[in-house]
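Chain by chain, the residues run as shown.
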Amino acid sequence: MSLADILARHKGREGPLLPILHDVQAEFGHVSEDAIRTIASDLNLTRAEVHGVVSFYHDYRSTPEPRPVIKLCRAEACQARGVEALVSAMTPNPAVKVETVYCLGLCSVGPAAMVGTGVYARLDSAKLEMLVKSL
Amino acid sequence: MKVRISDDALAIACGADAVAKAFTDAGSDVERVSSWGMHWLEPLVEINGIGFGPVTPADVADILAGGADTLCIGPIAAHPFIARQQRLTFARAGKTRPLDLDDYYATGGWQGLAKAREIGPSASIEALITSGLRGRGGAGFPAGIKWRTVAGAQSPQKYIVCNADEGDSGTFADRMVMEGDPYVLIEGMAIAGHAVGASKGYVYIRSEYPHAIAKMEAAVKACAHLIAPFDVEIRVGAGAYVCGEETSLLNSLEGKRGEVRAKPPLPALEGLFGKPTVVNNVLTLATVPWVLANGAEAYAAYGMGRSRGTMPIQIAGNVKYGGLFETAFGITLGELVNDIGGGSGSGRQVRCVQVGGPLGAYHPPSQFDTPFDYEAFTGVDGLIGHGGLVVFDETVDMASQARFAMEFCAAESCGKCTPCRLGSTRGTETLDRVLAGENVDANLALIEDLCDTMKFGSLCALGGFTPYPVLSAITHFREDFVVRNKA
């Protein structure tokens, strides 16, 4: 899908900017400076306004991330279940990007992680290493 | 043989899909249902009302052969964790296929909406006021009063916005409603729309909940004809915790930065796109059909004081029996943690419980006699928030937890107001000095002063409530701070 297709898809929608950015990110892996320019012109917003939105939300990237991303929950419930010990025991792996996320709603079975839309719970060091290796 | 396994994200994260596949491969008829909320037993398998859990694919042959005694918990409905609950909002949990309209109809679905259409908008609002239902997102504002304000506002366009940006650590009840009983939420929104004269509803779901988003998208399509002319649209957040604050959520829906708005004007009068808007949490809206169908008095008969009805309490963190426990207000914190939760999961002594998410206070065992009630928790300098409990054992370092509260606030602050934007960063730095043992007493005094500024000077609950975890840690667990003193 091209950027023009994405913009056409959301024509006439109320408050279309976030849905557009989600689609752009899903399609291209990031929201580029060029995309911001085109979106701004299409929605009759300034580039600064669109840039402000893109940079406000944790989900949007300005540059592509070539590595597989694992989102590891490090909020209180997973802390209580030992996620920090997992983090310090992790073998550094430059081929995988480990991101911190605050809460996946799996708070009774943490430590928990998400890869794409896949969810993983009751992680210990061995399971986490296996998950990272499988990416 | 019919085998019932949840397709809730938590069950899947614990391996439910592989277990379901193993049963299918063995020739069983597998039915994917909602979760009972007994999370330590997931993946939980139900055969003729009898439960087995936690099940792995390796156990399947044994279960089918009539064995697996060690995994068997007997009849699920009679299990103490379930039998002790009063499930109104979660009446269908574990019992229905989430997207099956026949299941929903057969279990009393759409009766609340039918009733609302029969008695009309003003009687529906009166019923909600009489029920005493308060906003379950955390603020605890009477839902009926909010609806009445929106109903009374003059505007050709009004909105119902469902806040499904459940970002608090230790909470998952909204997720369970959306994944397990999506139609009840949509029915609640349709009732709200009918009551206040709104034709359009939005559900703003956090992006960390892909399973809930998929279920809600499918549910909205499947039942569109039943709620017409009311129309519901799903919107997805983008990873900002602060968007759980209602005005920030409205800005996000409008396609702006999720910055908090000053109030007034109230969203009830000038909300989404400046139009009168009901903003309610998932649990609030999902409880509305029960209130309409069963009567306001029946709902108000549960609870204590000004906290009427039931609360879906989420027991999480380092706890033996974690999961969803819905019960009337009034149960004590100690009962929840020790009797129902079974104490810590590690087997060590429970040191504290954080109630109400990252902005909630840390409560020591000496406060375990506090009844679960909005006012009672305010009375012990805490809050019940969205009803999440995070249990910690004695290995926890409370000075680090206090620092984390400030760090979290700094990471998630929208930047609109100074006490939150700067206070959280200065707070983190000051607590770093405490952790390093520098002038502990003086720095703690500084923190207490800073917390006072944040509490009274912040625009919203993010900066305003971050002092709860910080100050409660200092007040109840001062030993963890002073022990570092080098002086």
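Because the structure is predicted, anything quoted here is derived from the model rather than measured.

Thresholds, definitions, all that
- Residues numbered from 1 in each chain as written.
- Chains lettered and ligands numbered in written order.
- Predicted model: local features only at pLDDT ≥ 70, side-chain atom pairs only at ≥ 80, totals over all residues.
- Heavy atoms only, no water.
- Pairing = 2+ DSSP bridges.
- Helix = DSSP H or I, 4+ residues; strand = E, 2+ residues; numbered from the N terminus.
- Axes fitted to C-alpha atoms, helices over the stretch in contact; angles between N-to-C directions.
- Contact = heavy atoms within 4.5 Å.
- Buried area = accessible area lost by both parts, 1.4 Å probe.
- Salt bridge = Lys/Arg side-chain N within 4 Å of Asp/Glu carboxyl O.
- Polar contact = N/O pair within 3.5 Å; in protein donor to acceptor, adjacent residues only side chain to side chain.
- Nonpolar A, V, L, I, M, F, W, Y, C, P; charged D, E, K, R; others polar.
- Domains from an automatic or database assignment.

1. What to know about the sheet that holds strand β3 (residues 113–115) of chain A
Residues and elements named next belong to chain A.
Point 1. Strand order in this open sheet of four strands is β2-β1-β3-β4, and the pairing throughout is mixed. Strands with a single pairing partner mark the edges of an open sheet, and in this sheet they are β2 (97–101) and β4 (118–120). Within this sheet the neighbouring strands show an average axis-to-axis angle of 25°, counted without direction.
Point 2. Here two bridges tie strand β1 (residues 69–73) to β3, and the two strands are oriented antiparallel to one another. Note that in β3 the partner of L72 across the bridge is A113.
Point 3. Contacts between helix α7 (residues 125–134) and the sheet are confined to β1, β3 and β4, with β1 contributing the most and set at about 155° to the helix.

2. Describing the interface of chain B and chain A
Point 1. Counting residues at the interface gives 66 residues for chain B, matched by 37 residues for chain A.
Point 2. For the pairing of chain B and chain A, the buried interface totals around 3600 Å² over both sides, and the portion due to carbon and sulfur atoms is 56%.
Point 3. Among the residues chain B hides against chain A, the three largest losses belong to A238, R257 and F404 of chain B. Together they make up 16% of the total.
Point 4. The tally of links between chain B and chain A comes to one salt bridge.
Point 5. The partner of E233 of chain B in a salt bridge is R13 of chain A, and the shortest N-O contact between them spans 2.8 Å.
Point 6. At the junction of chain B with chain A, the criterion picks out 29 residue pairs in polar contact (both at pLDDT 80 or more).
Point 7. Elements represented by at least two residues in the side of chain B that touches chain A include exactly α1 (9–13), β7 (200–205), α11 (210–222), β8 (231–236), α13 (246–253), β12 (310–317), β16 (388–393) and α18 (398–412) of chain B.
Point 8. A total of five residues in the side of chain B that touches chain A trace back to one element, the largest contributor, which is α18 of chain B.
Point 9. Looking at the side of chain B that touches chain A residue by residue, the classes come out as 35 nonpolar, 18 polar and 13 charged.

3. Notes on the domain arrangement of chain A
Point 1. When the domains of chain A are assigned, the result is domain 1 (3–56) and domain 2 (69–134).
Point 2. Its C-alpha centre places domain 1 of chain A at a distance of 31 Å from the equivalent point of domain 2 of chain A.

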